[in-house]
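# A look at the structure
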Amino acid sequence: MPKLGIVISNYNGWQDTLSCLDSLRQQTFRDFEVLLLDDASTDDSVERLRDVGDERVIFLPQKQNRGFAAVNNIGIRRALQDGAEWIMLLNNDTACAPDMLEKLLAQTPPESVSCPKMLFMDPPDEIWFAGGTLERKTGKVVHLGGHAKDGPAFSEKKQVGFITFCCVLFPRSVVEKVGYLNEDLFMYCEDVDYCIRLTDAGIPMWYLPDAVLRHKAGGTAGGMLSVYYITRNTLTLRCRGRSNAFCRLAGTLAAIKGGACCLAAAALGHHKGRSYGEWRGAVDFLRGKTGRMGQ
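From a predicted model like this one, the values you see are computed outputs, not experimental measurements.

## Examining the overall build of the protein chain
- Across its full length, the protein chain holds 9 helices and 12 strands.
- The globule rule puts the C-alpha radius of gyration for 295 residues at 19 Å, and the 19 Å found for the protein chain is close to it.
- For the protein chain, with 295 residues in total, the buried portion stands at 54%.
- Total accessible area on the protein chain stands at roughly 13400 Å², and carbon and sulfur atoms take up 52% of it.

## A word on unusual backbone geometry
- Each neighbour pair has its own omega, and for Asp122 with Pro123 the value is 0°, a cis peptide bond.
- Examined against the element boundaries, Pro123 turns out to sit in the loop between strand E6 (113–120) and strand E7 (127–129).
- Positive phi is not limited to glycine here, since Phe186 has a value of about 70°.
- Looking at the element boundaries, Phe186 is found in the loop between helix H5 (172–178) and helix H6 (190–200).
- Overall, the relative accessible area of 6% leaves Phe186 in the buried class.
- Although it is not a glycine, Cys189 sits at a positive phi angle of roughly 75°.
- Locating Cys189 in the fold gives a position in the loop between H5 and H6.
- For Cys189, a relative accessible area of 10% corresponds to the buried category.

## Notes on the packing of aromatic side chains
- On inspection of all chains with the given rule, the structure shows 7 aromatic pairs.
- One aromatic cluster is present, formed by Trp128, Phe129 and Phe162 through successive ring pairs.
- If you follow Lys157 out to its NZ or CZ, it ends over the ring of Trp206, 5.3 Å from the centre.

## Remarks on the packing of helix H7 (residues 223–238) against helix H9 (residues 274–286)
- Two elements in contact, H7 and H9, have axes whose closest approach is 7 Å; the angle formed by their N-to-C orientations is 30°. In this structure, the crossing between H7 and H9 has a hand that is right-handed. Counting all contacts with H7, which are made through Gly223, Met224, Ser226, Val227, Tyr228, Thr231, Arg232, Leu235 and Thr236, the residues of H9 involved are Arg274, Tyr276, Gly277, Glu278, Arg280, Gly281, Ala282, Asp284 and Phe285.
- Looking at the contact of H7 with H9, its residues break down into 7 nonpolar, 6 polar and 5 charged.

## Looking at helix H3 (residues 68–81)
- With 14 residues, H3 ought to run about 20 Å at 1.5 Å a step, and its terminal C-alpha atoms sit 20 Å apart, in line with that.
- With respect to burial, H3 is a largely interior element, 10 of its 14 residues being buried.
- Three or more residues of H3 are buried, namely Phe68, Ala69, Ala70, Val71, Asn72, Asn73, Gly75, Ile76, Ala79 and Leu80.
- Looking one or two residues past H3, Gly83 carries a phi angle of roughly 90°, positive in sign.

## Structural notes on the state of the cysteines
- Applying the stated criterion across every chain yields a total of 0 disulfides.
- In this structure Cys115 is a free cysteine whose sulfur lies 7.3 Å from that of Cys167, the closest cysteine sulfur available.
- For Cys195, which is in no disulfide, the shortest distance to another cysteine sulfur is to Cys115 and amounts to 9.0 Å.

## Considering helix H8 (residues 244–267)
- Its 24 residues give H8 an end-to-end C-alpha distance of 34 Å, which sits within 8% of 34 Å, the value for a rise of 1.5 Å per residue.
- Taken together, the buried positions of H8 are Cys247, Ala250, Gly251, Ala254, Ala255, Gly258, Gly259, Cys262 and Ala265.
- Taken from the residues just after H8, Gly269 is the one with a positive phi, measuring 90°.

## A word on the side chain of Lys117
- Residue placement: Lys117 occurs in strand E6.
- Relative accessible area serves as the criterion here: at 5%, Lys117 is assigned to the buried category.
- Polar contacts involving the side chain of Lys117 include one to the side chain of Asp150, which spans 2.9 Å.

## Description of the pairing of strand E12 (residues 205–215)
- The element E12 is largely enclosed, with a buried count of 8 among its 11 residues.
- The pairing of strand E5 (residues 94–96) with E12 spans 3 bridges and is antiparallel. Bridging across to E12, Ala95 finds its partner in Arg214.
- Where E6 and E12 come together, 8 bridges link them in parallel fashion. Bridge pairing in E12 links Ser114 to Trp206.
- The sheet contact formed by strand E10 (residues 158–159) and E12 spans 2 bridges and is antiparallel. Its bridge partner lying in E12, Lys158 is registered against Tyr207.

Conventions we followed
Residues numbered from 1 in each chain as written. Predicted model: local features only at pLDDT ≥ 70, side-chain atom pairs only at ≥ 80, totals over all residues. Heavy atoms only, no water. Helix = DSSP H or I, 4+ residues; strand = E, 2+ residues; numbered from the N terminus. Rg over C-alpha atoms; globule rule 2.2 N^0.38 Å. Buried < 20%, exposed > 50% of the residue type's maximum accessible area, 1.4 Å probe, protein only. Areas by Shrake-Rupley, 256 points an atom, 1.4 Å probe, with all protein chains shown as cover. Phe/Tyr/Trp six-rings, centres within 6.5 Å; stacked < 30°, edge-to-face > 60°. Lys NZ or Arg CZ within 6 Å of the ring centre and 35° of its normal. Axes fitted to C-alpha atoms, helices over the stretch in contact; angles between N-to-C directions. Left-handed = near helix turned anticlockwise from the far one by under 90°. Contact = heavy atoms within 4.5 Å. Nonpolar A, V, L, I, M, F, W, Y, C, P; charged D, E, K, R; others polar. Expected span 1.5 Å × (residues − 1). Disulfide = S-S within 2.5 Å. Polar contact = N/O pair within 3.5 Å; in protein donor to acceptor, adjacent residues only side chain to side chain. Pairing = 2+ DSSP bridges.

Here you go:
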């Protein structure tokens, strides 16, 4: 039974995924397995990843596009089934320093969740994530240190209010207590939702800067789709537990704002861009739509 199960989701990004797997082969900590899921890619990812030549990699290709939350849940369940004591969710467009796993496992306090220092791949001396804050009422998160030069200010181990699921480590007891990712969100904001649930459960979150990861950033999605899911899902989290009147007002205001931007963009000849995603995300929230866009 592996001590650590690492869950990686791929969607049309086999080149990044192979680089990520290569960084895991160089780890000083060796007692792990990789649950590699392909989320019904439309390129040749399945053929490229089917045989990566590593007995620690378990390839689980999906026939239908399930979304980030669902495929990660599949990987988490398999890791727990295989007896893993720890679970890590890891973006495929990352590269781990050789001692990252060793340091995370050694320094994570008991019954806690943790993340490494995350730097950009380019430029390599800039912070992408050094812990985060979460404003519960609005669902707004802030990446501490974003685009700042790495240095002593980001070298202190500390508790944080938010951890991006680009890379997150938690013991199996946390999953057993808090549960799985919210599949209604499909993609984006599932980490916001989970961090709220961690806080409610009294589980600390730690930023551990001795462990280092580099992130390409933007490898999962971008543009209109990302704005759509972030808009819709942020409204969902912001309105959870609030009155119907509050939800309608929040959704309507977001739809008006997005619609105005969408009309302005259309006047300039831009159709179905980021402003369309904002408008459509708000409208679908008002309609009660969840899961994949268009379903």
